[in-house]
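Residue strings, one per chain:
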Amino acid sequence: MESLSEDYVMLIMPARGINFDGSEEKMRQVWEVISRYEGELANFGNASNGNSHRTTMEVLKKATSWIAHAVFKDRETLKACLRELKERDFGISVVISGLYEDVGELCAEVGLSPHTVEHSLGIHGNTERLPDENILEITTMCGHAMVSPNLVTHLVAEIDEGKISCKEAAKELSRMCDCGIFNPYRTEKLLRKMTTGA
Amino acid sequence: MVDTNTGKINEDILDEKALSAIIEFTVDNDRLREALKTLKEVSTRINTVFSVGLISRVGGDGTLPTVAIAREAGFSPRPNTKTNVGLGRPLTEEV
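Residues numbered from 1 in each chain as written. Chains lettered and ligands numbered in written order. Predicted model: local features only at pLDDT ≥ 70, side-chain atom pairs only at ≥ 80, totals over all residues.

A. Fine view of the overall build of chain B. Across its full length, chain B holds two helices and two strands. Of the regular secondary structure in chain B, the N- to C-terminal order runs α-β-α-β. Computed over C-alpha atoms, the radius of gyration of chain B comes to 17 Å, more than 25% over the 12 Å expected from 2.2 N^0.38 for 95 residues, which places it beyond the range of a compact globule. Principal axes of the C-alpha set define a box for chain B whose edges measure 45 × 30 × 25 Å. Looking at the 95 residues of chain B, the share that counts as buried comes to 14%. (Helix = DSSP H or I, 4+ residues; strand = E, 2+ residues; numbered from the N terminus. Rg over C-alpha atoms; globule rule 2.2 N^0.38 Å. Buried ≥ 20, exposed ≤ 12 C-beta atoms within 10 Å, placed from the backbone.)

B. Summary view of the interface of chain B and chain A. Opposite the 35 residues of chain B that make contact, chain A presents 39 residues. Counting only elements with at least two residues in the side of chain B that touches chain A, the list comes to strand 1 (49-57), helix 2 (65-72) and strand 2 (80-84) of chain B. Per-element tally for the side of chain B that touches chain A: the top contributor is strand 1 of chain B, with nine residues. In the side of chain B that touches chain A, the residues fall into 17 nonpolar, 14 polar and four charged. Across five bridges, the pairing between strand 5 (residues 93-99) of chain A and strand 2 of chain B is antiparallel. Each bridged residue has a counterpart across the sheet, and for Ile96 of chain A the counterpart in strand 2 of chain B is Thr83 of chain B. (Contact = placed C-beta atoms within 7 Å. Nonpolar A, V, L, I, M, F, W, Y, C, P; charged D, E, K, R; others polar. Pairing = 2+ DSSP bridges.)

C. A look at the sheet that holds strand 5 of chain A. With respect to topology, eight strands assemble into an open sheet ordered 3(A)-2(A)-4(A)-1(A)-5(A)-2(B)-6(A)-1(B), the strand pairing being antiparallel. For this open sheet the edge positions go to strand 3 (50-51) of chain A together with strand 1 of chain B, each flanked by a neighbour on one side alone. Where strand 1 (residues 8-13) of chain A and strand 5 of chain A come together, five bridges link them in antiparallel fashion. Note on strand 5 of chain A: the bridge partner recorded for Met13 of chain A is Ser93 of chain A. Strands in contact with helix 4 (residues 100-110) of chain A are strand 5 of chain A together with strand 2 of chain B; relative to strand 5 of chain A, the strand with the most contacts, it is inclined by about 135°. (Axes fitted to C-alpha atoms, helices over the stretch in contact; angles between N-to-C directions.)

D. Expanded view of the confidence of the model for chain B. Residue and element names in this part refer to chain B. On average, residues of chain B score 92 in pLDDT, and 97% of them reach the 70 mark or higher. Averaged pLDDT values over the elements of chain B bottom out at 95 in helix 2 and peak at 97 in strand 2. As scored by the predictor, the complex reaches a pTM of 0.92 and an ipTM of 0.94. (pLDDT = per-residue confidence, 0-100.)

Structure below.
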């Protein structure tokens, strides 16, 4: 719960059949807005152009992209970016993943009324087959399951053996998530709790 | 799907393995509790796992009545959500 207060994923995308046609230039402008906050972002990108380990804001500002992801590690930067997106009025959907109450308050502060909310009601079935909760907290940051629990276990061992730092391990895990929604900043802190590493 | 009423799947794909599968459907608020209770019951009879996501429109008063229904059905909504902040245009009701 505590670590979630440093993990807010913004997703911006046009809807096919609704406002998709002609949205290329708007999406470039969206990236222009997001780029102003780059120094405070934990990650960014999309599946087509890659995550922040593979692409740059300069590329994204010129690319044709249908989805923009930006991972914020603090509420105030997120609020500033959201306010700017509201003022620019692109008419393209913006979805924020994060603590529900925080996001609700933030919307009110910016003058927005949330339209739709998706709640997770948990994982069910034979949950004994799942990896350890600490590992799930890391791997589930990538919604496409591109971050392997076995890689987390391997890197945790490498950290404990002093072969790699928590920061390096977090970056390696983040590299796996093509869309750029994985939060290496939060992961580094989670790895510190799981290991004896720095 | 051979039978959409019972959920019977084509015989020829029953032995196939899938990394993930998503089932999406809409349900009226007055049948939500029944649908969630069914999922709870099914969860005791399968040898894999599934996650449940509940997407709801925010009410005019800013509340989500579906969350209370989910709790009554035995689910514990997580504190983190995906919130559509309402900047997309046109809105669904305007299309």
